Amino acid sequence: MKKPLIEMKNVSFQYEYTQVLKNISLRVEEGDFLALLGQNGSGKSTLLKLILGLLKPMTGEIELFGENANHFKHREWIGYVSQKSNAFNSGFPATVQEVVKSGLAKKTGLFKSLPKNADELVYHALADVGMESFAKRNIGQLSGGQQQRVFIARALVAQPKLLILDEPTVGIDHENVQAFYDMLAHLNVQHQITMILVTHDVDIVSDRISHVACLNQTIHFHGYKNDFDTISQEQIDAWYGHSVRKIH
Ligand code: ADP
């Protein structure tokens, strides 16, 4: 059996008055490429915050890499790229390599000095996302898609085992989305980085993912992508209370 990197058992969460997640059980194993689907307000960001340790479950348990999340020490094993990270304006005073280098703090600790091979690590992380020739450019002068690749490099430089991406293609031109997902698939297959991808691009990403989870307060489905393909459109619409496009 493959190693579980995330194991949520009957997790529930509510903000002051709003119940957001109910009895969530979810297991993500080493090597999975999971697409997390759900309309706005279905609890996706809250679920990610629980995994990242930014929120604590009201009930239930979370294990990360086989350890209770409350005692988990290796936060650098989990990389996170938010949908808002690619929003630098052209005047932002940092180069691409400086942005990526700042990701090393996660590995070394904020006040420790950088490793001797920091520049090499930065170069490799940029090469992994096809952005090495942009190292000296100002981050604000890059397109949305290029900025997002740089932020993935910033996460990669800490050498994570799991990468969580929250709608990373928001702000990427339509014609570049395919290439962006090719790059994620490469990281998943060649670098064996487990992926959790929050996305609405269900059709486009369909060939790259291994698993699907459908969230709307509870997990309505979690399983292999091929099994998801056999579920009827009517069933999916019923989970979400309105029409949601299915993977073709
Ligand atoms: P998604 O990421 O799927 O859009 P969220 O997890 O952001 O969903 O939000 C789920 C629900 O929780 C929404 O109804 C949202 O309004 C509510 N919510 C999110 N964050 C907070 C917060 N900090 N305080 C109160 N309610 C919140």
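Everything here concerns the structure above.
Every value quoted in this text rests on a predicted model; they were computed, and no experiment measured them.

**Remarks on unusual backbone geometry**
Note: most residues except glycine have negative phi, and most peptide bonds are trans. With phi around 45°, Glu-167 is a residue other than glycine that occupies positive phi space. Considering the arrangement of structural elements, one finds Glu-167 in the loop between strand E7 (162–166) and helix H6 (174–189). For Glu-167, a relative accessible area of 13% translates into the label buried. Notably, Gln-192 is not glycine yet its phi reads approximately 50°, a positive angle. When you line up the elements, Gln-192 lands in the loop between H6 and strand E8 (194–198).

**Re the packing of helix H5 (residues 144–156) against H6**
Two packed helices can be described by the angle between their axes and the distance between those axes. Where H5 meets H6, the closest approach of the two axes is 12 Å, and the angle between their N-to-C directions is 15°. In terms of their interaxial angle, H5 and H6 are classed as roughly parallel. The handedness of the crossing between H5 and H6 comes out as right-handed. On H6, the residues touching Gln-148, Arg-149, Ile-152 and Leu-156 of H5 are Ala-179, Phe-180, Met-183, Leu-184 and Leu-187.

**A closer look at the sheet that holds strand E5 (residues 67–68)**
Whenever strands of a sheet pair, they do so through backbone hydrogen bonds, lying parallel or antiparallel. Here we have four strands laid out as an open sheet, ordered E2-E1-E4-E5, and antiparallel in their pairing. Each of the sheet's edge strands pairs with one partner strand only, and the pair in question is strand E2 (19–29) and E5. Two strands pair when backbone bridges link them, and strand E4 (residues 59–64) and E5 are joined in this way by two bridges, in the antiparallel orientation. Each residue of the ladder has a partner; that of Leu-64, found in E5, is Glu-67. Along the sheet, helix H1 (residues 44–51) contacts strand E1 (4–14), E2 and E4; its crossing angle with E1, the most-contacted strand, is approximately 120°.

**Overview of the sheet that holds strand E10 (residues 218–224)**
Taken in spatial order, the six strands of this open sheet run E6-E7-E8-E3-E9-E10, and their pairing is mixed. Two strands bound the open sheet, and with one partner strand each, they are strand E6 (78–81) and E10. Averaged over all pairs of adjacent strands, the angle between their axes in this sheet comes to 15°, without regard to strand direction. In this sheet, strand E9 (residues 211–216) lies alongside strand E3 (residues 33–37) in parallel orientation, the contact comprising four bridges. Opposite Leu-37, over in E9, you have Cys-214 as the bridge partner. Where H5 meets the sheet, it contacts E6 and E7, and its direction lies at approximately 160° from that of E6.

**Points about the site of the ligand**
The immediate surroundings of the ligand are formed by Tyr-15, Val-20, Gln-39, Asn-40, Gly-41, Ser-42, Gly-43, Lys-44, Ser-45 and Thr-46. Between Gly-41 and the ligand, the recorded distance is 2.7 Å, taken from a backbone N or O atom to an oxygen atom. Lys-44 is positioned such that a nitrogen or oxygen atom in its side chain is 2.9 Å from an oxygen atom of the ligand. Here the shell around the ligand gets three residues from one element, more than from any other, and that element is H1. When the residues that make up the shell around the ligand are grouped by side-chain class, the tally is two nonpolar, seven polar and one charged.

The rules behind each value
Residues numbered from 1 in each chain as written. Predicted model: local features only at pLDDT ≥ 70, side-chain atom pairs only at ≥ 80, totals over all residues. Heavy atoms only, no water. Helix = DSSP H or I, 4+ residues; strand = E, 2+ residues; numbered from the N terminus. Buried < 20%, exposed > 50% of the residue type's maximum accessible area, 1.4 Å probe, protein only. Axes fitted to C-alpha atoms, helices over the stretch in contact; angles between N-to-C directions. Parallel < 35°, antiparallel > 145°, perpendicular 65-115°, else oblique. Left-handed = near helix turned anticlockwise from the far one by under 90°. Contact = heavy atoms within 4.5 Å. Pairing = 2+ DSSP bridges. Near = heavy atom within 4 Å. Polar contact = N/O pair within 3.5 Å; in protein donor to acceptor, adjacent residues only side chain to side chain. Nonpolar A, V, L, I, M, F, W, Y, C, P; charged D, E, K, R; others polar.

That's the geometry; what it means functionally is another story.
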